[in-house]
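The residues making up each chain are set out below.
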Amino acid sequence: MTSIKRLVSMALACVLAGLSAGHTYAQCPTLSESSMKQALTWSGKPVVGKTYKVQNWRVQDGDSLGLPAGHRLRLGQINTTEMASKGRPAEAFAQQSKDQLTQQLRQQDAIFLQLLPAIKDHYGRWLVKLYDGTGLNVEASLVAQGLAYVISMDGQGAARCLWQQEKVARSQELGLWQAAISQVRKASILTAKQGGFMRLKGAVTDISQGQHHWYIGLEGHVAVKIAKLRLAQAPLRITSQTQLEQWIGQTITARGWLAWRKLNKKQRKKGFKAGVMNLNHVHMLERAPGLSSD
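On a predicted model such as this, the values are computed, not experimentally measured, just so you know. (Residues numbered from 1 in each chain as written. Predicted model: local features only at pLDDT ≥ 70, side-chain atom pairs only at ≥ 80, totals over all residues. Heavy atoms only, no water.)

Undergrad: Would you mind going over the overall build of the protein in detail, with residue names and values included?
TA: From N to C terminus, the protein includes eight helices and 16 strands. In summary, the protein has a C-alpha radius of gyration of 20 Å against a globular reference of 19 Å for 294 residues, a match within 12%. Each principal axis of the C-alpha distribution contributes one length, and for the protein these read about 65 × 45 × 40 Å. Per-residue burial over the protein gives 46% buried out of 294 residues. Taking the contacts inside the protein whose residues are at least 6 apart along the sequence as the reference set, 63% of them involve residues at least 24 apart. Counting every atom, the protein has about 15100 Å² of accessible surface; 50% of that belongs to carbon and sulfur. Of the charged side chains in the protein, 38 are positive and 18 negative, and the gap between their average positions amounts to 8 Å. (Helix = DSSP H or I, 4+ residues; strand = E, 2+ residues; numbered from the N terminus. Rg over C-alpha atoms; globule rule 2.2 N^0.38 Å. Buried < 20%, exposed > 50% of the residue type's maximum accessible area, 1.4 Å probe, protein only. Contact = heavy atoms within 4.5 Å. Areas by Shrake-Rupley, 256 points an atom, 1.4 Å probe, with all protein chains shown as cover. Lys, Arg positive; Asp, Glu negative; His and termini not counted. Charge placed at Lys NZ, Arg CZ, Asp CG, Glu CD.)

Undergrad: Which residues make up helix α5 (residues 160–171), and what values go with them?
TA: Owing to its 3.6 residues per turn, the α-helix brings residues three or four apart onto one side. In a regular helix each residue adds 1.5 Å, so 12 residues correspond to 16 Å; α5 covers 17 Å between its end C-alpha atoms and thus fits that length. Buried within α5 we find Cys-161, Leu-162, Trp-163, Gln-165, Glu-166, Val-168 and Ala-169. Following α5 by one or two positions, Glu-173 has its phi on the positive side, about 55°. (Expected span 1.5 Å × (residues − 1).)

Undergrad: So what about the environment of Met-83? Which residues, and what values?
TA: With respect to the helices and strands, Met-83 occurs in the loop between β6 (78–79) and α3 (94–105). The spacing of Met-83 and Gln-60 is 23 residues in sequence and 9.2 Å in space, taken between C-alpha atoms. In contact with Met-83, not counting residues within four places along its chain, are Asp-61, Ala-90, Ala-94, Gln-95 and Lys-98.

Undergrad: How would you explain α3 if you had to name every residue and give the values?
TA: Here α3 contains 12 residues, and its C-alpha end-to-end distance of 17 Å stays within 8% of the 16 Å for a straight helix at 1.5 Å per residue. By the burial criterion, the buried members of α3 are Ala-94, Ser-97, Gln-100, Leu-101, Gln-104 and Leu-105. In a view along the axis of α3, the buried residues occupy a sector of 130°, so they form one face of it. Positive backbone phi, at 60°, marks Gln-107, one or two positions downstream of α3. (Arc of directions from axis to C-beta.)

Undergrad: Outline the pairing of strand β2 (residues 51–54), listing residues and values.
TA: Working note: regular strand, side chains alternate between the two faces of the sheet. Sheet analysis places strand β1 (residues 40–41) next to β2, joined by two bridges and oriented parallel. Bridge pairing links Thr-41 to Lys-53 in β2. As paired strands, β2 and strand β7 (residues 111–120) are joined by four bridges and run antiparallel to one another. Looking at the pairing, Val-54 lines up with Ile-111 of β7. (Pairing = 2+ DSSP bridges.)

Undergrad: Mind laying out the state of the cysteines, listing which residues take part and the relevant values?
TA: In this structure the tally under the stated criterion is one disulfide. For Cys-28, the disulfide goes to Cys-161, at an S-S distance of 2.0 Å. Handedness here is read from the sign of the S-S torsion; for Cys-28 and Cys-161, about 105°, the answer is right-handed. Of this pair, Cys-28 sits in the loop between α1 (3–19) and α2 (33–37) while Cys-161 sits in helix α5; the two residues are 133 residues apart in sequence, bridging distant segments of the chain. Judged by its relative accessible area of 10%, Cys-28 is buried. For Cys-161, a relative accessible area of 9% translates into the label buried. (Disulfide = S-S within 2.5 Å.)

Undergrad: So, the packing of aromatic side chains: which residues are in play, and what are the values?
TA: Counting across every chain of the model gives five aromatic pairs. Taking the centre distance of 5.8 Å and the plane angle of 80° together, the rings of Trp-42 and Trp-126 count as edge-to-face. With Trp-42 in the loop between β1 and β2 and Trp-126 in strand β8 (residues 126–131), this residue pair connects regions lying 84 residues apart in the sequence. An angle of 80° between the planes, with centres 5.4 Å apart, marks the rings of Tyr-149 and Trp-177 as edge-to-face. With Tyr-149 in strand β9 (residues 149–150) and Trp-177 in the loop between α5 and β10 (185–186), this residue pair connects regions lying 28 residues apart in the sequence. (Phe/Tyr/Trp six-rings, centres within 6.5 Å; stacked < 30°, edge-to-face > 60°.)

Right, dumping it as structure tokens:
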């Protein structure tokens, strides 16, 4: 790493620290020089636990990169708002998040990444932690400026430092946290025309289950789906329907992707919900009985 790059990294770190002045939280770890020197060249066959170096990339949006040979990367611990696509206008702060990512990676000889345990998303993109050429955590930079939501896309969950940084950005109403798109929506009034990533809340009306998942029905036509394994773990330790039914009548808040499905007559009769938000981790429950507000 050149001395100039080291100075740039320090300057950016100072800027991000300034954004959270008056607050105390854990800074996300940087990638050490030894890790960068020992990083393997990206070959399209990564394994969890290794650090890889990439020297040719293209920023697609605030949380995605394209690599040669059609390989695609998805920053696996954050979600940025959507760019314009298929006649739909760009969402608030989508362009700013892309510009910030582009700027941070500009004039870098290489960037570095580590694979998340989930490996790929349903689009076939590699889920990664991303570091710039100076070792600075790229996701942390976006979150600290209010340009990204923190998400947990696998059982490991996003780093605690990212959630803490988001909390500061929210309290200061930075970036998307000053926009309507970040506001919590009421599940009771959502329709099939309203999908995609969002934060929602609603009173729990019913509990049902499949072999591996719980379905937490909310007011209106929406249910939250989460693996039984996730709720059985700390801090909730819910292992039975009787336990989960204690949530009925209480309000929960969640974040994630809301998808709508077409129900047949039999499913409607059984009370199935057409809108389903699938949560990969308890972290995606912002508010629920038994959860701390931190």
